[in-house]
Every structure is written in structure tokens, then in C-alpha cells.
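Observations on the three-dimensional arrangement
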Amino acid sequence: MKSGSVYLDNCVTSPMAPEVLDAMMPYFSERFWFPGSFVSTGESTNDALSGFAHTIAAAIGARDEEIHFTSGGTLANNIAIKGLAGSAQRGHVICSVVDYPDLLTNAAWLEKQGFEVSYLPADDEARIDLVALKQAIRPDTFLFMTTIVNHVVGTIQPMKEISEILKAADHKIYFHADAGQAFGKMPLQVDDYGIDTMSISAHKIHGPQGIGALYVRKGLRLAQTIHGIKRADNLQTGGLSIALIAGFAKAVEMNFADLPGSIRQLRELSDYLYARLQEKIDHIELNGPMGEERAAHNINVSIDYIEGESMAMMLDMHGITVATGSACASQGLKPSYVLMAIGKNHVQSHGSMKFTLSRYTTREQLDFAVDKLAEITTELRSRSPLYNAAKNQEK
Amino acid sequence: MQYSQKVLDHFMHPHNVGKMENPDATATEGSPSCGDQVTIFLKIDKDSKIIEDVSFLSYGCASNIATASIITDLAKGKSLEDAKKISYEDAMEALDGLPPVKVHCSVLAADTLQTAISNYEIAHGLKEVPDFGKETILAELKKIIYPQVGTDIVTLKMVKYVGFSDGEVLIDMNMMSFDSWRENVAEEIHEHLDKYPEVKKVTINFP
């Protein structure tokens, strides 16, 4: 079996749609021009960029000029967080212990710069604690940031409740959202939640790698963090690939042509996967919430008595790509901080498997993956002292 | 990070895997809470003291399974005296090496074999239960691998001072505050020392 022929790690990056490649090609060749004024080449690129921004803005209920292209989600997060902090100069920031590393590493950096950060706890399904949010707000709190869909267990944060709490504060608290896992996977209109800045990325919805965008609410001024010549954008200065932006817009167009339909398709696939896992493998449990509070593309389970790197490697030998929260599979030999923060123990984290699906995932692929995982589970359990001990206890 | 073909072979098709009925000696090392655990079973000829059969169970990653597999291969058919010389370096060599971050797996496998042998010797009056002291602590610290380079923390001179009195272990470590492996090494130290009934408290000081 070819490497990655059953690819179930789409939350990291997803295969590019063939239509996206087609949409990019002219901008790699005859239409290579940067934006510019008064000359037909530059003006035609201006027009193209406006069209691309419009497509992306429409997907999140934003105005065209609120879309700023960046080289990806991480840069978008950095420009927003450092920009808001730079404008505030000092003060207090709130995020949570289950946030995406982009937010947590920025929070750590802010602390080093003298800002204070409160890290909200999360419940056992990775929902942030709203009571703690209310209590954490201080007169000098200027920023709340969250990861809309948790990158490990797919939890959709209670955005409506969060926005109401932020609005009820007696001063303005900016709301930055990382929508890396949420964009294209759930209905998401920035005005519904009073979002001020939001990062999105192309390659997680079958667009090209290396391009993303930052939504910045009109009228909000971010301190400039990247200085240089303005080409395609004023926040990420310097050149940006027009071709990648074209591909991004095409991916958005395809994903959002029928968003409810594509969410339904993912939901059906992930429900099917979880049902098949439960049917074929015993001593297995879902990590994170069930149903509508979970992003449609994510299934994360812990399989008792065996370890994730072994499972992932054996699946890989059958051409199946998945992710695990096992410490053994991480460069830092640490279990998943998200699973640990929601009350799972080391063993549950070591035995965790994350499947993230895409529009190209088929039921046949899921059947194949579950059948192989069931075989692997039996094999690894036969080698496991924990399983042998548990079996002895049952006797 | 990549595994050698030998590691993959032993991972996919491990030798001597499975629980042994009525072993002459057994040992379990590691803990699931720290990521891996190995059990080794030995069948030893009473007279010749030759390891006639050996098997293992492993809860852990690919290198954990592969190193347990190779260590049982190395021990099989050897006399206890010869088997006592089998080190984690031998296991690594036989597997054509391991990534530095995985060296600790081979230490666990070698350690489990040595504990099983020691358990046999104690049970058969071939040796006394060793007194617990600074020597034991140092021997345990030598089993802790600094994952960045794959060498133990004693050899790397990361242990500045070891003290032991009234059940309290005091260890001064030489690891900088920006070293991201500090927490990992501290956890390992606890895992290795907390299992001794003589140890009531372990204090680790970093600069």
C-alpha cells in the first residue's frame, strides 16, 4: 500500500483539490504580476486580489477590506496577537489551557514582555470554563483569545456565551479567534460572535499550503509587527504569492458552495467511523464531546492497554495515516497537553488515536482503517503486560 | 526521526513475545504512567544456570517492543553470568542503533532482564538483597538517558551531587533553565527512585 493512501490526518494539512491547482496555474505563469497602479498588469492583479478577498470575506460574513492575506494561520495569529498587545502596551490577556500552540506560545511570549496572562481551565470535554472567564476579567484585560475548534478533540467552544460575557464587560476586550480547525467545518460569521480578529488557513480545506488570512474588524488598528514594503497586504508586508491566494479563494469557493452539505457529509462519515470503531474494538472511549458540540471532521479515541506510536506505525505500514497523543510519538516525550488538561491520564493519552476526515474520505477507506486497527489492537494487546494483567483480573 | 530496518523487523515480528506459564523468574520495569512497561519471564536450568527460555510482554512504542525482542534474543541460551553482562548498548548495537530520544527504551529492556536475573539469584540464595545506598542511587541515575543525545545523565556529568540520609534522596542537577528536557529527566529520576521502599522523599535541585 502506498504511503498515506488512506489519509486521516486532515487537521494537520489536507490534500489540495485538483480544481485549486487549475485555478492557481495562470498566476504561476502568464499572470505573475504583483499588484500595482496605472499599469494594466498591476491593475489586473488588483482586480483579481479584490475578487479573491471578496470570496473569502463572504464565507465569514466580513467586508472585503477586513481580509488580510498572510503566509498561513500561524503568521495571522502572530500579527493579530502581537499587534493587539503592541497597541495596548500593557495589561492582561485571557486564553485557556487547551488552546492551540500558536496561542499558547504567543501567550508565553507576552508574559515575558511583562503582560499578565490568565489560562482558563477546561472541562472534561475541553470546553473552556465560562465562570472562570467571568472571574478572570480585570479592568486591564484587553484581549481574550480562543481556539474555536479544539485541535485535538474537536470541541467547538461556546462562542455565543463567550461573546456575551465579553460584551457584558464594562470596557472593550478584544476577541481573537483561531479558526484553523473551524473554518469550513462549521457555520462561522464573525459578527455573530463579535470577533475582532480571526486567523484562517487554506491548506486545511484543500487549498494550497503557505497561505492564510487574518480577519481584522474594520476600524481596529493593530500595531505593525512586520515592517517592509507593502505589496499584497499592509499587515504582512513584502511579497505574497498571488497564485496561492487564487488557490485559497478557489478552495473557499468549493468548500462554501454548500457548507451545510459538506458539514453533513463529514458528520455522517465521522459518525460512521466512530460506530465502526465501537463495533470492532472493545475497551475504547471517545475523547471530547459527542454530537453537535464537536467539529464534524474529528474523532479522537483512547484504546486501552496499548500505545499510540505502535498503532500509528503499524497503520502506516498499511498506508493509513493517523495521529496520536502518545508521549512516545512526540519529540518532547510528553503526552498530549490537551488530553491531560481535560482529565485524561497518561495511559489514555498514550493510547489515543486521532482521525480527522475530509471531503475526499470514503466509507471504504474508513472500513479498511478500522479493520486494520482492530487487527493491530489484537496483536499489540497480545504483547501488552497491561492487557494480560487485566485479563487475569477478569478471570 | 527514523528507525533502522532491524528495529522495524523486530517491532513488526517480535521474537519471544508472550506470557510464560510457570517462569523461574520474572520482572516488570517501567510504568504505564511514564509511557512504557516491560515484563520479562525466564526459564533457567537449575544445574547449568543456563537461560533455557525467555519471553517478554511490552506496553510501549515500536522501539520498546523491538528492544525487548532483541534483548530476549541476546539472553536466550546464555548462562546467568554471561547474561548479566548484556547491556543496553548491546541491544542498540544489535538493532543498528536507535534515535537518541528512544535510547531510554533499550535501557528499560536491559534493566528488566537484569532485574529478572537478580530476582532469580535472590530467590535461590545466590546473592543477598543489596543494601540501599548512594551506590544504588547512582546505578539508577546511570539508567536515565538524556533524550537530546541518547547518553545517560551521569556520563554527561549532569549529576553534580547525590546525597541520601533518613530515606531522603537529594540530587543536584546541572541542567540549565532553558533546557526543555528538565521536566522529563526529573520525572525519570522519580520513576527510578520512588519504587524503592527505602526512599521516602526525592528532592531534585536544578540551577
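We now turn to the structure provided with this report. If you're wondering where the values come from, they're calculated on a predicted model, not measured in any experiment.

The next point concerns the overall build of chain A. What chain A contains, in helices and strands, is 14 helices and 13 strands. For 395 residues, the compact-globule estimate of 2.2 N^0.38 gives 21 Å, and the C-alpha radius of gyration of chain A, at 22 Å, lies within 12% of that figure. By its C-alpha atoms, chain A is 80 × 55 × 35 Å across when sized along the principal axes. Evaluated residue by residue, chain A yields a buried proportion of 57% over its 395 residues.

For the rest of this paragraph, the subject is the side chain of A:His206. Residues and elements named next belong to chain A. Position of His206 relative to the elements: it lies in the loop between strand 7 (197-201) and strand 8 (212-216). A polar contact is formed between the side chain of His206 and the backbone oxygen of Pro15, at a distance of 2.7 Å. The residues touching His206, leaving out its near neighbours within four places in the chain, are Ser14, Pro15, Met16, Ala17, Val20, Ala251, Ser358, Arg359 and Tyr360.

Taken together, A:Met16, A:Leu21, A:Met25 and A:Phe28 make up a surface patch of nonpolar side chains, about 360 Å² in accessible area. As for its placement among the helices and strands, A:Met25 is situated in helix 1 (residues 18-28).

Turning to the interface of chain A and chain B, a few remarks are in order. The interface is formed by 24 residues belonging to chain A together with 30 residues belonging to chain B. When the two sides are added together, the surface that chain A and chain B hide from each other amounts to roughly 2300 Å², 63% of it contributed by carbon and sulfur. Linking chain A to chain B there are one salt bridge. In this structure, the salt-bridge partner of A:Glu309 is B:Lys102, at a minimum N-O distance of 2.8 Å. Looking at the side of chain A that touches chain B, the elements that each hand over two or more residues are helix 10 (308-317), helix 12 (346-350), helix 13 (363-383) and helix 14 (385-394) of chain A. It is helix 10 of chain A that provides the largest number of residues to the side of chain A that touches chain B, a total of five residues. Its residues placed into classes, the side of chain A that touches chain B shows eleven nonpolar, nine polar and four charged.

Another aspect to go through is the layout of surface pockets. Residues and elements named next belong to chain B. Reported here for the largest pocket is a volume of approximately 1200 Å³. Asp111, Thr115, Glu140, Lys143 and Tyr196 are the residues nearest the centre of the largest pocket, which is lined by 39 residues in total. Take the lining of the largest pocket: its biggest share by element is ten residues, from helix 5 (residues 103-123). Across the lining of the largest pocket, the residue classes tally to 13 nonpolar, eleven polar and 15 charged. There are two domains that each give the lining of the largest pocket at least three residues, and those are domain 1 (5-123) and domain 2 (134-205).

About the criteria used
- Residues numbered from 1 in each chain as written.
- Chains lettered and ligands numbered in written order.
- Predicted model: local features only at pLDDT ≥ 70, side-chain atom pairs only at ≥ 80, totals over all residues.
- Heavy atoms only, no water.
- Helix = DSSP H or I, 4+ residues; strand = E, 2+ residues; numbered from the N terminus.
- Rg over C-alpha atoms; globule rule 2.2 N^0.38 Å.
- Buried < 20%, exposed > 50% of the residue type's maximum accessible area, 1.4 Å probe, protein only.
- Polar contact = N/O pair within 3.5 Å; in protein donor to acceptor, adjacent residues only side chain to side chain.
- Contact = heavy atoms within 4.5 Å.
- Patch = residues over 30% accessible without salt bridge, like charges linked within 9 Å, V, L, I, M, F, W, Y side chains within 5 Å.
- Areas by Shrake-Rupley, 256 points an atom, 1.4 Å probe, with all protein chains shown as cover.
- Salt bridge = Lys/Arg side-chain N within 4 Å of Asp/Glu carboxyl O.
- Buried area = accessible area lost by both parts, 1.4 Å probe.
- Nonpolar A, V, L, I, M, F, W, Y, C, P; charged D, E, K, R; others polar.
- 1 Å grid on protein atoms, 1.4 Å probe; cavity = no way out; pocket = protein on both sides within 12 Å on 5 of 7 lines; lining within 4 Å.
- Points joined across faces, edges and corners; volume = space filled by probe spheres on them.
- Domains from an automatic or database assignment.

Nothing here speaks to function; it is all geometry.
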